[in-house]
Amino acid sequence: MTTTARPEKRRRRNAETPAAASIPDDVLISHVFWRLPVDSLMRVKFVCRSWRAAIEDPSFIRRHLELSHARGPPSFLVVPRAEDADNASVSEDVSFHRLLLDAARAPETANVELVFETAVSDMTNAIRPTHCDGLVALATATEKVFVCNPATREFVALPPGTRDARPIKDRAPAAALGYDASRDRYVVARYFYREYREFKDAGGKRWLDFDIGHEVFTLGGDGDGSWELTDDPPHAIAAARPICTRDAFYWCTDHLGPNVLLRFGLRDRAFDVVPFPPGVHFDVDHSKDHVTELSGKLCYAHPATKTAFDVWIAHDDGPRLEWSLRCRVDFDDYGGGVSSCQVDQEDDFDDSDDDYGTDDSDIGSQALLPVTAAGDEILIAADHSKLYSYDAMHRSVRKVVDMEKELAYARPDGSLYYDGLVHHVVPYVESLVPIGNKKMQIPLTRLRNARTC
């Protein structure tokens, strides 16, 4: 009797589930999977071969990315590193933390969550991160560049680029990351000096003898990949962060050369020269001007008074690049006595992006980088330690978070990262974009932790 009852029970169970089991894959993919977060998709794709093929299909990845970009509010990653003025120290790991802000962005509720941490060797503490579509490139003070997708846990060390003739202590990490739509590939670019000598003549005038090169690395494919030399830049490049917009990289020229920006087109892989905003003279050694990217456009922050910065936006939709003044951010509206651009003219070499730490009496003296814009609000990272919000409608500034004092970066085992950190903030969007070049990928056994639901 029991042997006949069990099959009937089994048949009844099977009869209750066909509706859920018969949902076509195309319906699941187009109505459900596109809207899932990346960590869920990374598990779902291993359920069956057809789901994995669909999730790894380039058209699915692109559609998921479009929806991630459309989803708000903006998200941010913080990459904390130990301070290093001489580019001499290295660390054994690197971590990426999502900055959590409430709707009102109140400082007392700001927090961070660990997205991804991995062990890595030979990475200098001195880095500069650049971002594009969920990928983050980490330039170091050596010839090494790392690329990571924190959401998918891919972490790749690119092959070393061409050797730079400058001493490591005189270098500033620099690598640009962007999307080449004409080739449907993500590209990393870096410059290097074959020769670099600075002189002073009898009258005290400084001049530069240099030989500069430039190379790109195309992500994707099954091979090891290699750096490809491009045409040499027409002028010396300064120790300032590169900027990537829709179809070009921008490099700042050295202060001993002409006062222009170098534009490297991703489509034609060629350099041309574009001007700075009207009346602006860029000098990375003594100036507190900063070039960055804001909502996909080239942005220039220029100290206008002792308490205010002008934020310029470049429009490159036409035949010529044109600048317009977006707003003036006056930190005097944040608090009295604030000085935004104290400059030490006697310092012969002061890489403005590499001197860290400040207090509210000297906002922007080391770095002032508009990070993102949403409506009338601009989020501004100051001196690698604080975040401010500027409301263009009300012309007011308020502090969002003091990252040095108010954030605690936790490790998977519950311990905290040490004090004395440089807080690199980049915009972030979750994506499935693969780095590719599988032979270069660091094995998953070396990964310490990844985010879970």
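In the block above lies the structure referred to throughout.
Residues numbered from 1 in each chain as written. Predicted model: local features only at pLDDT ≥ 70, side-chain atom pairs only at ≥ 80, totals over all residues. Heavy atoms only, no water.

Draft legend 1. The pairing of strand β24 (residues 421-428), seen in detail. Here β24 lies mainly inside the structure; 7 of its 8 residues are buried. Pairing of strand β1 (residues 75-82) with β24 involves 8 bridges; the strand directions are antiparallel. By the bridge assignment for β24, P80 is matched with H423. (Buried < 20%, exposed > 50% of the residue type's maximum accessible area, 1.4 Å probe, protein only. Helix = DSSP H or I, 4+ residues; strand = E, 2+ residues; numbered from the N terminus. Pairing = 2+ DSSP bridges.)

Draft legend 2. Highlighting the pairing of strand β9 (residues 185-200). Pairing analysis gives 5 bridges linking strand β8 (residues 176-180) to β9, with the strands arranged antiparallel. Paired with A176 across the strands is A189, a residue of β9. The antiparallel pairing of β8 with β9 creates a hairpin that spans 4 residues between the two strands, and D184 there sits at a positive phi of about 55°. Sheet analysis places β9 next to strand β10 (residues 206-218), joined by 13 bridges and oriented antiparallel.

Draft legend 3. Main features of the sheet that holds strand β16 (residues 290-294). Strands sit in the order β16-β17-β18-β19 across an open sheet of 4 strands; the sheet is antiparallel. Edge strands, defined here as strands with exactly one partner in the open sheet, are β16 and β19 (322-330). Direction aside, neighbouring strands of the sheet carry axes that sit 30° apart on average. With 5 bridges joining them, β16 and strand β17 (residues 297-303) adopt antiparallel strand pairing. Bridged to E293 within β17 is L298. (Axes fitted to C-alpha atoms, helices over the stretch in contact; angles between N-to-C directions.)

Draft legend 4. Unusual backbone geometry, seen in detail. Positive phi outside glycine occurs at D133, with the angle close to 55°. Examined against the element boundaries, D133 turns out to sit in the loop between β4 (127-132) and β5 (135-140). The backbone phi angle of R153 is positive, close to 70°, even though this residue is not glycine. As for its position among the elements, R153 is in the loop between β6 (145-149) and β7 (154-157).

Draft legend 5. Structural context of the pattern of salt bridges. Using the criterion set out here, one finds 19 salt bridges in the structure. Notably, a salt bridge pairs D133 with R62, separated by 3.8 Å at the nearest N-O pair. In this pair, D133 sits in the loop between β4 and β5 while R62 sits in helix α6 (residues 58-70), placing the two residues 71 residues apart along the sequence. D133 gets classed as buried once you look at its relative accessible area, which sits at 15%. Among the ionic pairs, R98 bridges to E430, the shortest N-O distance being 3.2 Å. A residue pair is termed long-range when its members are at least 10 positions apart, and R98 in strand β2 (residues 90-100) and E430 in the loop between β24 and β25 (447-450) qualify at 332 residues. Taking relative accessible area as the criterion, E430 reaches 14% and is therefore assigned buried. Linked through salt bridges whose partners overlap, the residues forming this network are K45, R52 and E56. (Salt bridge = Lys/Arg side-chain N within 4 Å of Asp/Glu carboxyl O.)

Draft legend 6. The arrangement of the environment of K288 in detail. Mapping K288 onto the fold places it in the loop between β15 (271-275) and β16. Overall, K288 belongs to the buried group, its relative accessible area being 4%. Taking C-alpha positions, K288 is 8.1 Å from L368, a pair spaced 80 residues apart along the chain.

Draft legend 7. Representation of α6 within the structure. The terminal C-alpha atoms of α6, which comprises 13 residues, lie 18 Å apart, in line with the 18 Å expected from a rise of 1.5 Å per residue. Buried within α6 are the following residues: F60, I61, H64, L65, L67 and S68. Seen from one end, α6 has its buried residues packed into an arc of 165°, which puts them on one side. Those residues of α6 that are exposed and angled more than 90 degrees off the buried face are P58, S59 and A70. (Expected span 1.5 Å × (residues − 1). Arc of directions from axis to C-beta.)

Draft legend 8. Spotlight on the environment of H290. Of note, H290 is situated in strand β16. Note: C-alpha distance between H290 and Y300 (10 residues apart in sequence) is 5.9 Å.

Draft legend 9. How the structure looks around the environment of A139. Structurally, A139 can be placed in strand β5. Linking A139 and T124, residues 15 residues apart in sequence, is a C-alpha distance of 9.1 Å. With sequence-adjacent residues up to four places away left out, A139 is seen in contact with A126, I127, R128, K144, P173, A174 and A175. (Contact = heavy atoms within 4.5 Å.)

Draft legend 10. Highlighting the state of the cysteines. Summed over all chains, the structure comprises 0 disulfides. C327 takes part in no disulfide bond, and the closest cysteine sulfur to it belongs to C299, at a distance of 8.2 Å. Classification of C327 as buried rests on a relative accessible area of 9%. (Disulfide = S-S within 2.5 Å.)

Draft legend 11. Local environment of the sheet that holds strand β14 (residues 260-265). In space, the 4 strands of this open sheet follow the order β12-β13-β14-β15, with antiparallel pairing throughout. Edge positions in the sheet fall to β12 (243-244) and β15, since each has one partner strand and no second. Both β14 and β15 contribute to a ladder of 5 bridges, which runs antiparallel. Following the sheet pairing, F264 is matched in β15 by F271.

Draft legend 12. Fine view of the packing of aromatic side chains. Summed over the entire model, instances satisfying the criterion amount to 15 aromatic pairs. Relative to Y300, the ring of F276 lies with its centre 5.3 Å away and its plane at 65°, an arrangement referred to as edge-to-face. Note that F276 is positioned in the loop between β15 and β16 and Y300 in strand β17, a separation of 24 residues in sequence. The burial state of F276 is the same as that of Y300; both residues are buried. Each residue in the set Y191, Y193, Y196, F210 and W251 is aromatic and connected to the rest through ring pairs, giving one cluster. The lysine or arginine in question, R62, covers the ring of Y179, its NZ or CZ lying 4.7 Å from the ring centre. Taking the ring centre of W34 as reference, the NZ or CZ of R63 above it sits at 5.2 Å. (Phe/Tyr/Trp six-rings, centres within 6.5 Å; stacked < 30°, edge-to-face > 60°. Lys NZ or Arg CZ within 6 Å of the ring centre and 35° of its normal.)

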